[in-house]
Amino acid sequence: YTYAHCTNVCVYALTLGVRLGLDRSRLSQLGMTALFHDIGKVKLPTDLIRKPDAYNENDWIQMQTHPLLGAKTVLRNLKFDVHTARAARGCMEHHVNQDYTCYPLLRNKKQPLNLFSKIISIVDTFDALSSGRIYLRKPIPPEDVLKKMHYQMNVKFDAFLLKIFNNVIGIYPAGT
């Protein structure tokens, strides 16, 4: 699941990046950042990642460490440059909402979220809900996911980016 999810997030992010007019270099950086956004999960216990049941409070606490673990993994394994820093930041911020809630809690709320992090937050949520997960057996139809995301856009997502993503994905059924 994680492999397919990360691949889907990468494709969705690149599609959104193309729609935003990013150049080839920035698209390459976005693609790498999106592909490895969940790399911190490799540091978590396999039985947690593959757990078929709903997560309990302890499971969620462990799972919420994956953004920090991902940022550390990227920084430890790649030559440090602007691309590596951007990828680490994408790992770290992809579960941080527009209002700075969620995880991990960031101390500096004056620092705006990175564009790549905002993109990945949107496409990660969309793919996770629309494709189903081990603990969410039945995927939610894409149109319902988009409705839910739009309802939460002022708190969780960048409204402009979400509207662009909606135009990329489209609303179903056709003509609505």
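Bear in mind the structure is a predicted one, so any value in this text is a computation, not a measurement. Residue positions are counted from 1 within each chain, in the order its sequence is given. Local features are withheld for residues below a pLDDT of 70 in this predicted model, meaning they are given only at 70 or higher, and side-chain atom pairs are given and counted only at 80 or more; totals for whole chains, interfaces and linings count all residues. Values reported for side chains reflect all heavy atoms of the structure, with hydrogen atoms and water molecules removed beforehand.

*Asks:* Sorry, what's going on with the nonpolar core here?
*Replies:* Grouped burial of nonpolar side chains is what soluble globular proteins tend to show. The set of buried Ala, Val, Leu, Ile, Met, Phe, Trp, Tyr and Cys residues whose side-chain atoms join them within 4.5 Å is what this entry labels a nonpolar core. Using a 1.4 Å probe on the protein chains alone, a residue whose accessible area is under 20% of its type maximum counts as buried, one over 50% counts as exposed, and one in between counts as partly exposed. Residues Ile-122, Phe-126, Met-149 and Phe-165 are the most contacted members of the largest nonpolar core, which totals 25 residues. For the purposes of this entry, the term helix denotes a DSSP run of H or I that reaches at least four residues, the term strand denotes a run of E that reaches at least two, and both are numbered from the N terminus. Elements with a contribution of two residues or more to this core: helix H1 (2–19), helix H2 (24–35), helix H7 (115–131), helix H8 (142–151) and helix H9 (159–169). Sort the elements by how many residues they give to this core and H7 lands first, with seven residues. By definition, residues are in contact when any of their heavy atoms lie within 4.5 Å. Excluding anything up to four places from it in sequence, Phe-165 contacts Tyr-12, Leu-16, Ile-122, Val-123, Phe-126 and Leu-146.

*Asks:* Would you mind going over empty space enclosed by the protein with me for this structure?
*Replies:* Any empty space left between the atoms is revealed when a probe the size of a water molecule rolls over them. Put simply, the grid is 1 Å and covers the protein atoms alone, a cavity is a trapped set of points that fit a 1.4 Å probe, a pocket is an open set with protein on both sides within 12 Å along at least five of seven lines, and lining residues have an atom within 4 Å of a point. Grid points are joined across faces, edges and corners, and a volume is the space filled by probe spheres set on the points. Taken as a whole, this structure holds one cavity of 30 Å³ or more when the rule is applied. Taken as a whole, the largest cavity holds about 50 Å³ of empty space. Lining the largest cavity are Glu-93, Val-96, Gln-98, Leu-113, Ser-117, Lys-118, Ser-121, Lys-156, Phe-157 and Asp-158. Per element, the largest residue contribution to the lining of the largest cavity is three residues, and it comes from H7.

*Asks:* How should the packing of aromatic side chains be read in this particular structure?
*Replies:* Any two aromatic rings considered together are summarised by their centre-to-centre distance and by the angle between their planes. To pair, rings of Phe, Tyr and Trp, with the six-membered ring standing in for Trp, must have centres within 6.5 Å; the planes then decide the type, stacked if under 30 degrees apart, edge-to-face if over 60, and tilted in the middle. Counted by the stated rule, this structure contains four aromatic pairs. Ring plane angle 85° and centroid distance 5.9 Å describe the contact between Tyr-12 and Phe-165, whose orientation is recorded as edge-to-face. Highlighted residues: Tyr-12 in helix H1 and Phe-165 in helix H9, separated in sequence by 153 residues. The exposure class assigned to Tyr-12 is partly exposed, which follows from its relative accessible area of 23%. Exposure remark for Phe-165: the relative accessible area of 0% places this residue in the buried category. What links up through ring pairs into an aromatic cluster is the set Tyr-12, Phe-126 and Phe-165.

*Asks:* Can you help me understand the pattern of salt bridges in this one?
*Replies:* Should their charged atoms come close, side chains of opposite charge can pair. One speaks of a salt bridge when a side-chain nitrogen belonging to Lys or Arg is within 4 Å of a carboxyl oxygen belonging to Asp or Glu. All told, the structure shown has four salt bridges when counted by the stated rule. Here Asp-38 and Lys-41 are joined by a salt bridge, their closest N and O atoms 3.5 Å apart. The salt bridge involving Lys-118 is made with Asp-158; its shortest N-O contact spans 3.5 Å. One end of the pair, Lys-118, is in helix H7; the other, Asp-158, is in the loop between H8 and H9, with 40 residues separating them in the sequence.

*Asks:* Looking at this structure, I do not really get the packing of H7 against H8. What am I missing?
*Replies:* At a closest axis distance of 9 Å, the pairing of H7 and H8 adopts a crossing angle of 135°. Overall, the two elements H7 and H8 adopt an arrangement that is oblique. Handedness of the crossing formed by H7 with H8: right-handed. Residues Ile-122, Thr-125, Phe-126, Leu-129 and Ser-130 of H7 touch H8, and the partners they reach there are Pro-142, Val-145, Leu-146, Lys-148 and Met-149. Class assignment for the residues of the contact of H7 with H8 results in seven nonpolar, two polar and one charged. A fitted line through C-alpha atoms serves as each axis, taken over the contacting stretch for helices, and the angle formed by two N-to-C directions is quoted from 0 to 180°. Between 65 and 115 degrees an angle is taken as roughly perpendicular, under 35 as roughly parallel, over 145 as roughly antiparallel, and anywhere else as oblique. Crossings are classed by handedness, with left-handed meaning an anticlockwise turn of the near helix from the far one by less than a right angle and right-handed meaning a clockwise turn. Each residue gets one of three labels, nonpolar for Ala, Val, Leu, Ile, Met, Phe, Trp, Tyr, Cys and Pro, charged for Asp, Glu, Lys and Arg, and polar for the others, Gly among them.

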